Amino acid sequence: MDLHLSGKTAVVTGASKGIGLAVTKALVEAGAHVVAGARTRGDELPALEETGQVSFVSVDLSQPDAAEELIAAAAHRGGIDVLVNNIGVASIRPGGFASITDDEWQASWDINVMAIVRPTRAALPEMERRGGGSIVIVGSVNAYLPLTQIYDYSATKAAVTNLMKTLSKELAAKNIRVNSVSPGPVSTGLWTDEGRAADGFGAATGQSADEVRAMIQNSTPTGRFTTPEQVADLVVFLASDRAGNTTGSDYRIDGGFVDTL
């Protein structure tokens with residue numbers, strides 16, 4: 001299916017690994033040029049840069065001025081058609097609510113909310129100048145499945161899902177669509193690497209990392225984690241004009257992990 005993205009310019013945040021890297025690859029395959037924002041290039045972005053379809057910008061989007069730099073790099077190419085706000089960090093809090101400090105709450109807010117607010121705010125004039133565009137926010141099922149081990153992450157993901165809906169109402173008249181996707185557990189380093197989410201949840205629940213991963217799979221009707229590529233396919237469809245009258249919608253992709261409507 002032709003997604004009509006050939007020749008378009010897309011900005012992807014958190015683009016060097018995991019879902020962001022998968023989205024970058026999928027947009028390139030669809031013919032778009034991707035301005036890839038991340039703190040480091042990672043292992044796979046350099047090869048994509050060599051094709052001429054990816055421009056890497058080193059940015060730390062937890063910092064206030066970084067978004068302007070990223071969007072300016074895309075504007076230099078003539079404008080922005082697509083913005084994929086993928087960046088986000090989940091920190092496991094095995095000590096529960098009382099253990100989370102003010103600084104930790106602020107850090108979660110800066111990376112999970114403001115790192116979406118700022119690129120969006122900076123990109124809007126460019127999208128308006130081009131007559132429209134598409135914004136896709138990568139959220140999480142934890143927006144409506146809050147867990148005590150990730151209080152601050154759950155709260156910030158609820159905030160950006162709400163932000164998506166509100167933005168969609170304001171921007172529809174300007175031909176700018178805003179949607180979000182809410183993945184459940186995805187087979188990225190967050191869940192597969194030692195010392196990260198599986199170990200963190202295990203520390204909070206008294207399980208091993210392997211037991212945590214098995215529990216998630218057993219709790220998922222499909223019996224498996226979602227892949228980054230599956231999330232990317234949904235993101236790229238929503239970014240394209242094939243989803244031309246879709247805005248203000250959140251799409252869950254979790255293998256049935258969340259058992260409520």
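To be clear, the structure that these remarks concern was listed above.
So, a few notes on the structure that sits alongside this text. (Residues numbered from 1 in each chain as written. Predicted model: local features only at pLDDT ≥ 70, side-chain atom pairs only at ≥ 80, totals over all residues. Heavy atoms only, no water.)

## Some words on the packing of helix α3 (residues 66–75) against helix α4 (residues 102–129)
So the rule is basically this: Interaxial angle, 0 to 180 degrees, is taken between N-to-C directions of lines fitted to C-alpha atoms, where a helix line uses only the stretch in contact. Counting from the N terminus, the helices are DSSP H or I runs at least four residues long and the strands are E runs at least two residues long. With respect to orientation, any angle under 35 degrees is reported as roughly parallel, any angle over 145 as roughly antiparallel, any angle of 65 to 115 as roughly perpendicular, and every other angle as oblique. The hand of a helix crossing depends on one turn: near helix anticlockwise from the far one by less than a right angle means left-handed, and clockwise means right-handed. By definition in these notes, contact holds between two residues if any of their heavy atoms fall within 4.5 Å. Polar here means any residue other than Ala, Val, Leu, Ile, Met, Phe, Trp, Tyr, Cys and Pro, which are nonpolar, and Asp, Glu, Lys and Arg, which are charged; Gly is therefore polar.
At a closest axis distance of 8 Å, the pairing of α3 and α4 adopts a crossing angle of 30°. Considered as vectors, α3 and α4 are oriented roughly parallel to each other. In this structure, α3 crosses over α4, and the sense of that crossing is right-handed. Here Ala67, Glu68, Ile71 and Ala75 of α3 come into contact with α4, specifically with Arg118, Pro119, Ala122, Ala123 and Glu126. Of the residues belonging to the contact of α3 with α4, the class tally is six nonpolar, no polar and three charged.

## A few points about the side chain of Asp254
Selection criterion: Polar contacts here mean pairs of N or O atoms no more than 3.5 Å apart (in protein, one a potential hydrogen donor and the other a potential acceptor; neighbouring residues in sequence count only if both atoms are side-chain atoms).
Structurally, the position occupied by Asp254 is in the segment after β7 (250–253). Looking at Asp254, its side chain comes within polar contact range of the main-chain nitrogen of Val258, at 2.8 Å. The residues contacting Asp254, other than those within four sequence positions of it, are Val141, Gly184, Thr220 and Thr226.

## Considering the packing of aromatic side chains
Let me state the cut-off plainly: Each Phe, Tyr or Trp ring (for Trp, its six-membered ring) is paired with any other whose centre lies within 6.5 Å, and the angle between the two planes then decides the class: stacked below 30 degrees, edge-to-face above 60, tilted in between.
Within the structure shown, the criterion is met by four aromatic pairs. Here the aromatic rings of Phe97 and Tyr151 are separated by 5.4 Å at their centres, their planes lie at 65°, and the arrangement is edge-to-face. You can see Phe97 sitting in the loop between β4 (82–85) and α4 and its partner Tyr151 sitting in helix α5 (residues 151–171), a full 54 residues away along the chain. For the pair Trp191 and Phe201, a centre-to-centre distance of 5.7 Å together with 15° between the ring planes defines the contact as stacked. Within this pair, whereas Trp191 is found in helix α6 (residues 189–192), its partner Phe201 is found in helix α7 (residues 197–205), the two being separated by ten residues in sequence.

## Quick look at α5
In plain terms, the rule: Here the expected length of a helix is defined as 1.5 Å per residue gap, with one fewer gap than residues. Type-normalised accessible area, obtained with a 1.4 Å probe on protein chains alone, sets the label of each residue: buried when under 20%, exposed when over 50%, and partly exposed for intermediate values.
Between its first and last C-alpha atoms α5 spans 30 Å; for 21 residues at 1.5 Å apiece the expected length is 30 Å, and the two agree. Three or more residues of α5 are buried, namely Asp152, Tyr153, Ser154, Thr156, Lys157, Val160, Thr161, Met164, Leu167, Ser168 and Leu171. Its buried side turned inward, α5 meets α4, β5 (133–138), β6 (176–183) and β7.

## Things to note about the nonpolar core
To be explicit about the condition: Definition used in this section: a nonpolar core is a set of buried Ala, Val, Leu, Ile, Met, Phe, Trp, Tyr and Cys residues joined via side-chain atoms within 4.5 Å.
The biggest cluster of nonpolar side chains holds 34 residues, and the ones touching the most others in it are Val23, Leu27, Val84 and Val235. Breaking this core down by element, the ones donating at least two residues are β1 (9–13), α1 (18–29), β2 (33–38), α2 (45–50), β3 (54–58), β4, β5 and α9 (228–239). In terms of residues, this core owes the most to one element, α1, which gives seven residues. Sequence-distant contacts of Leu27, defined by excluding residues within four places in its chain, comprise Leu5, Ala10, Val12, Ala32, Val34, Val84 and Val236.

## Overview of the pairing of β6
Rules: The criterion for strand pairing is that DSSP finds at least two bridges linking the strands in question.
The element β6 is largely enclosed, with a buried count of eight among its eight residues. Burial along β6 is two-sided: Ile176, Val178, Ser180 and Ser182 facing one way and Arg177, Asn179, Val181 and Pro183 facing the other are all buried. Here six bridges tie β5 to β6, and the two strands are oriented parallel to one another. Its bridge partner lying in β6, Gly133 is registered against Ile176. Where β6 meets β7, four bridges bridge the pair, whose relative direction is parallel. Residue pairing for β7: Val181 is matched across the bridge by Tyr251.

## A few points about the pattern of salt bridges
Opposite charge on two side chains permits them to pair, given that their charged atoms come into close proximity. The line we're drawing: By salt bridge we mean one thing: a side-chain nitrogen of Lys or Arg within 4 Å of a carboxyl oxygen of Asp or Glu.
Summed over all chains, the structure comprises nine salt bridges. Put simply, Arg41 and Glu49 hold a salt bridge, and the shortest N to O gap is 2.7 Å. Owing to a relative accessible area of 39%, Arg41 belongs among the partly exposed residues under this scheme. You can call Glu49 partly exposed: its relative accessible area is 22%. Within the structure, one salt-bridge network assembled from shared partners comprises Arg93, Glu104 and Asp152.

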